[in-house]
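# Working through the structure, step by step
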Amino acid sequence: EDVLLPAPQNISILSTNMKHFLTWSPVIIQGETVRYSVEFQGEYEREYANESWIPICECSLIAATVCNITEDISATVAYNLRVRADVGGRRSEWGTLKGFFNRITTSLTPPVMKVIADGYHLLVELEDMGPAFQFSVLYWKKGQENRMQQKVVKEVSSVVHLDTMEAGPDYCVKAQTYVEAINRSSSFSQTQCVRAQGGTSMWL
Amino acid sequence: TAGNKIFQFGPCKVSMSMTEIRSGFNAIKTNIQARDPIRTLSILSHPHSLHKVKPSDRCCITHHLFNFYVDKVFKHCKTEDSYVNRKISSIANSFLSVRRKLGQCHEQNQCMCGQESTEKMKQILGNYEGLNVTSAAIKSLGELDILLDWME
């Protein structure tokens, strides 16, 4: 009689900056390649569609033990996720994520930022983190932290012009991300300071 | 950005990831509309367009329409196409999230229903029940952009 394949264990979510991955421990069967399939269930399916599950075809019979579920976690509601194993015609029970996953819990990291003094122009270059992200950029003259100015950047283009600097004082900048869909912000990046220097770029 | 829009209906403020919903819908629009053979009928726009609704009734009609889609439409739209089903799930779960916020407004009497919105909803349900449930659901889903355009 066929021994039932063990269900995948240690199922968990890695979610950073609105990118969500489901991972699990491999099911080990000597000399065999075990394959896995993933399904998800949103709050809508639980409450209005007979608790139906929806397969993720990119993660159907895959050998890897990770699945990118970002595209399917596209609402700020509680999701269930499950994985099962297949090998040589044998199939395991479903292993289900303990508890729900809601994208509101994603971890938000400070943005990668580069501050540039282009002559007397204070510029900042921000990493493009995807359509879900806005940036709040704070800048001030060193020593005048009480007169901080803010610029909200809704769409990352190449470089953002912040201010025209006076010669002499240092200008400091820090930034954080904001995700409207979940109404949360990251912590601030490290502060970077530059100083205007004639027409040449100057790093401190 | 993800195009979160804040919809202001008088005191009722509802934020909604409009771009996510639209991109989910646009990904399946052609597929869904191709499944709707009855071109001469509309669920949402017959006999009058949504644009006829008075501003004071906008919140209530929006609330009713989100209830309509969550309670009646999405569940009857299951297809044989896994990709289409995933996008419908994405829209349905987004609608569920927004409906909850509209419901809170309704409970706090910030989303009052006038005669016009009640009448309009009656027409929409009448149009819906005039067809068999799968055809009506698929047609309603295919008209989602009418609702989104009207909201925006």
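Residues numbered from 1 in each chain as written. Chains lettered and ligands numbered in written order. Predicted model: local features only at pLDDT ≥ 70, side-chain atom pairs only at ≥ 80, totals over all residues. Heavy atoms only, no water.

With an unreviewed UniProt entry as reference, chain B is termed Interleukin family protein, source organism Eurystomus gularis. The record in UniProt for chain B states the following under Function (unreviewed entry): "Immune regulatory cytokine." Under the UniProt heading Subcellular location (unreviewed entry), the note attached to chain B is "Secreted". (UniProt positions renumbered as here; feature names shortened; annotations may be inferred.)

Quick look at helix α5 (residues 133-142) of chain B now. At 3.6 residues per turn, the α-helix brings residues three or four places apart onto the same side. Residue and element names in this part refer to chain B. Counting buried positions along α5 yields seven of 10 residues, so the element is predominantly enclosed. Regarding α5, the residues found buried are Ala136, Ala137, Ile138, Lys139, Ser140, Leu141 and Gly142. Packing partners of the buried residues in α5 comprise α1 (18-34), α2 (58-73), α3 (82-107), α4 (115-129) and α6 (144-151). Near the N-terminus of α5, the side chain that reaches the backbone nitrogen of Thr134, with its oxygen 3.1 Å away, is that of Asn132. (Buried < 20%, exposed > 50% of the residue type's maximum accessible area, 1.4 Å probe, protein only. Helix = DSSP H or I, 4+ residues; strand = E, 2+ residues; numbered from the N terminus. Contact = heavy atoms within 4.5 Å. Polar contact = N/O pair within 3.5 Å; in protein donor to acceptor, adjacent residues only side chain to side chain.)

With that settled, consider the state of the cysteines. Evaluation of the coordinates by the stated rule reveals five disulfides over all chains. Covalent S-S linkage joins Cys59 of chain B and Cys111 of chain B, the inter-sulfur distance amounting to 2.2 Å. Taking the sign of the torsion about the S-S bond as the criterion, the disulfide between Cys59 of chain B and Cys111 of chain B, at about -105°, is left-handed. With Cys59 of chain B in helix α2 and Cys111 of chain B in the loop between α3 and α4, this pair connects stretches of sequence that are 52 residues apart. Judged on exposure class, the residue Cys59 of chain B and its partner Cys111 of chain B are both buried. In chain B, the bonded cysteines, numbered by position in the sequence, are linked as 1-4, 2-5, 3-6. In chain A, the cysteines engaged in disulfides, taken in order along the sequence, are linked 1-2, 3-4. For the unlinked cysteine Cys57 of chain A, the closest cysteine sulfur is that of Cys59 of chain A, found at 8.6 Å. A relative accessible area of 42% means that Cys57 of chain A is categorised as partly exposed. As a non-bridged cysteine, Cys77 of chain B has Cys57 of chain A as the owner of its nearest cysteine sulfur, 19 Å distant. Residue class for Cys77 of chain B comes out buried when judged on its relative accessible area of 0%. (Disulfide = S-S within 2.5 Å.)

Counting across every chain of the model gives 10 aromatic pairs over all chains. In textbook terms, an aromatic cluster arises when at least three aromatic residues are bridged by ring pairs, as seen for Tyr44 and Tyr48 of chain A together with Phe66, Phe68, Tyr69, Phe74, Phe95 and Tyr128 of chain B. The positively charged end of Lys174 of chain A is found above the aromatic ring belonging to Phe188 of chain A, 4.5 Å away from the centroid. Stacked on the ring of Trp150 of chain B, the Lys or Arg Arg58 of chain B has its end atom at 4.7 Å from the ring centre. (Phe/Tyr/Trp six-rings, centres within 6.5 Å; stacked < 30°, edge-to-face > 60°. Lys NZ or Arg CZ within 6 Å of the ring centre and 35° of its normal.)

Opposite the 24 residues of chain B that make contact, chain A presents 28 residues. In this assembly, chain B and chain A are joined by five salt bridges. The residue Glu58 of chain A makes a salt bridge to Arg86 of chain B at a minimum N-O spacing of 2.7 Å. Where chain B meets chain A, there are 14 residue pairs in polar contact (both at pLDDT 80 or more). Contributions of two or more residues to the side of chain B that touches chain A are made by α2 and α3 of chain B. (Salt bridge = Lys/Arg side-chain N within 4 Å of Asp/Glu carboxyl O.)

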